[in-house]
Amino acid sequence: MTDTFTPNLTIGALRKLDAAANPQPYYFAIASRAILFPDLQALPVEVAEEYLSDLEGARRPSEIIDRWLSEEDAAVVKRELTLRELKVLLRDVQEYYQGLAGSPGEEYDSRTA
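Let us look at the structure shown here. Quick caveat: nothing in here was measured; it's all calculated off a predicted structure.

## Some remarks on the packing of helix H3 (residues 61–68) against helix H4 (residues 71–80)
1) Next: At a minimum axis distance of 8 Å, the contact between H3 and H4 shows a crossing angle of 150°. Between H3 and H4, the interaxial angle falls into the category roughly antiparallel. Classified by chirality, the crossing of H4 by H3 is right-handed. Residues Ser62, Ile65 and Asp66 of H3 form the contact with H4, whose participating residues are Ala74, Val77 and Lys78.
2) Next: Residue composition of the contact of H3 with H4, grouped by class: 3 nonpolar, 1 polar and 2 charged.

Structure representation (structure tokens):
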């Protein structure tokens, strides 16, 4: 007896689906500038996860901006925005990237059988 299976998805089909979605990095316009946030889709998985965890953790907004943006772009954002505006921006960035990568779900151990 031979076990055969039909895959639900192949790597080739997965890459076609991803390319069709055409995910783009987040852009923010401020002070006649286009601020480009990291392209998480182009980063290794572990690095992209670290960026996403920045948004979900207890990091200060200014720390996130310093880590995510170039030194020049971070200075513009911190100079032009109030703390409240910065938090709103980061919430929007988080929602945008969760739309691309998915939001965190329940951990395996918290699920019921």
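## A word on the nonpolar core
Generally speaking, nonpolar side chains in soluble globular proteins are found buried as a group.
1) Next: By size, the foremost hydrophobic cluster in this structure holds 23 residues, and its most contacted members are Phe37, Trp68 and Leu89.
2) Next: Among the secondary structure elements, those contributing two or more residues to this core are strand E1 (27–30), helix H2 (45–56), H3, H4 and helix H5 (83–101).
3) Next: Counting residues per element, this core draws most heavily on H5, at 5 residues.
4) Next: Residues in contact with Leu89, not counting those within four places in the same chain, are Tyr26, Phe28, Phe37, Val77 and Leu81.

## Some details on the pattern of salt bridges
Any two side chains of opposite charge can pair, so long as their charged atoms come close to each other.
1) Next: This structure, assessed with the given rule, holds 7 salt bridges.
2) Next: Of the charged contacts in the structure, one is a salt bridge between Arg33 and Glu72, with a shortest N-O distance of 2.9 Å. Placement of the pair is Arg33 in strand E2 (residues 33–36) and Glu72 in helix H4, with a sequence separation of 39 residues.
3) Next: Its relative accessible area of 27% is what places Arg33 among the partly exposed residues.

## Observations concerning the side chain of Asp54
1) Next: If you trace the backbone, Asp54 turns up in helix H2.
2) Next: Polar contacts involving the side chain of Asp54 include one to the side chain of Arg59, which spans 2.9 Å.
3) Next: Setting aside anything within four residues of it in sequence, one finds Asp54 in contact with Arg59, Ile64, Arg67 and Trp68.

## What about H3?
1) Next: Those residues of H3 that fall on the buried side of the exposure criterion are Pro61, Ile64, Ile65 and Trp68. On an axial view of H3, the arc spanned by its buried residues comes to 95°, and they lie on one face.
2) Next: Of the surrounding elements, those touching the buried residues of H3 are H2, H4 and H5.

## A look at the packing of aromatic side chains
Two aromatic rings are characterised by how far apart their centres lie and by the angle between their planes.
1) Next: A full pass over the atoms with the stated rule returns 6 aromatic pairs.
2) Next: Considering the side-chain rings of Phe37 and Trp68, the 6.2 Å spacing of their centres and the 65° angle between planes classify their relative orientation as edge-to-face. Separated by 31 residues along the polypeptide, Phe37 in the loop between E2 and H2 and Trp68 in helix H3 bring together distant segments of the chain.
3) Next: Its relative accessible area of 1% is what places Phe37 among the buried residues.

What counts and how
- Residues numbered from 1 in each chain as written.
- Predicted model: local features only at pLDDT ≥ 70, side-chain atom pairs only at ≥ 80, totals over all residues.
- Heavy atoms only, no water.
- Axes fitted to C-alpha atoms, helices over the stretch in contact; angles between N-to-C directions.
- Helix = DSSP H or I, 4+ residues; strand = E, 2+ residues; numbered from the N terminus.
- Parallel < 35°, antiparallel > 145°, perpendicular 65-115°, else oblique.
- Left-handed = near helix turned anticlockwise from the far one by under 90°.
- Contact = heavy atoms within 4.5 Å.
- Nonpolar A, V, L, I, M, F, W, Y, C, P; charged D, E, K, R; others polar.
- Core = buried A, V, L, I, M, F, W, Y, C linked by side-chain atoms within 4.5 Å.
- Buried < 20%, exposed > 50% of the residue type's maximum accessible area, 1.4 Å probe, protein only.
- Salt bridge = Lys/Arg side-chain N within 4 Å of Asp/Glu carboxyl O.
- Polar contact = N/O pair within 3.5 Å; in protein donor to acceptor, adjacent residues only side chain to side chain.
- Arc of directions from axis to C-beta.
- Phe/Tyr/Trp six-rings, centres within 6.5 Å; stacked < 30°, edge-to-face > 60°.

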